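In case you want the letters, here they are:
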Amino acid sequence: MTDHRIIIEMGMGNDLHGQDYTKAAARAIEDAIRHSSLPLFGALDLSHDLMRVQVTIGVQQPDQVDTHALIKGLPRGRVSVSATHGGLDITNPDTGEITVIASAAVEAFLPSQSTKWQQPST
């Protein structure tokens, strides 16, 4: 059975002074999900365990992201996190310090629920 994407949220996060790619990524994920709610689980009496959550993080140094640590920060579903090249590193011209900016896409998928979604008869 094919999963259907039910939501996609985007977020941005940064680490101003520590050049910590995982911290910036965690903040981007938090930004993406901070204003999200999925009331359809209660409305359709679905378990959150049915949901597959796929997170893609964009940073300049994806190998510096601890994806396993980021999984712990997502509250529901079966989660996978991958890091890819993206985001920005901004160098302060006065100090040489690098600010890390990460972007995140958080996608949630469910198996088809088409049999539960019916248009009312008229």
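Please read all numbers here as calculations on a predicted model, not as lab measurements.

## Examining the layout of surface pockets
And then number 1: The computed volume of the largest pocket comes to approximately 290 Å³.
And then number 2: Together, 15 residues line the largest pocket, and Ile33, Ser36, Leu38, Met51 and Pro75 are the ones closest to its centre.
And then number 3: Only strand 1 (3-15) and strand 5 (98-111) provide two or more residues apiece to the lining of the largest pocket.
And then number 4: Top contributing element to the lining of the largest pocket by residue count: strand 5, with three residues.
And then number 5: Class assignment for the residues of the lining of the largest pocket results in nine nonpolar, three polar and three charged.

## Concerning helix 1 (residues 21-33)
And then number 1: The terminal C-alpha atoms of helix 1, which comprises 13 residues, lie 19 Å apart, in line with the 18 Å expected from a rise of 1.5 Å per residue.
And then number 2: Of the positions making up helix 1, those classed as buried are Tyr21, Thr22, Ala24, Ala25, Ala28, Ile29 and Ala32. Along the axis of helix 1, the buried positions cluster into a sector of 160°, meaning they face one direction only.
And then number 3: Considering only its buried residues, helix 1 is in contact with strand 1, strand 2 (52-59), helix 3 (67-71), strand 4 (88-91) and strand 5.
And then number 4: Between the side-chain oxygen of the N-cap and the backbone nitrogen of threonine 22 there are 3.0 Å, and the N-cap of helix 1 in question is aspartate 20.

## Some words on the packing of aromatic side chains
And then number 1: Considering all chains together, one arrives at zero aromatic pairs under this definition.
And then number 2: A cation sits over an aromatic face here: arginine 52 above phenylalanine 109, 4.1 Å from the ring centre.

What counts, and where the lines are drawn
Residues numbered from 1 in each chain as written. Predicted model: local features only at pLDDT ≥ 70, side-chain atom pairs only at ≥ 80, totals over all residues. Heavy atoms only, no water. 1 Å grid on protein atoms, 1.4 Å probe; cavity = no way out; pocket = protein on both sides within 12 Å on 5 of 7 lines; lining within 4 Å. Points joined across faces, edges and corners; volume = space filled by probe spheres on them. Helix = DSSP H or I, 4+ residues; strand = E, 2+ residues; numbered from the N terminus. Nonpolar A, V, L, I, M, F, W, Y, C, P; charged D, E, K, R; others polar. Expected span 1.5 Å × (residues − 1). Buried < 20%, exposed > 50% of the residue type's maximum accessible area, 1.4 Å probe, protein only. Arc of directions from axis to C-beta. Contact = heavy atoms within 4.5 Å. Polar contact = N/O pair within 3.5 Å; in protein donor to acceptor, adjacent residues only side chain to side chain. Phe/Tyr/Trp six-rings, centres within 6.5 Å; stacked < 30°, edge-to-face > 60°. Lys NZ or Arg CZ within 6 Å of the ring centre and 35° of its normal.

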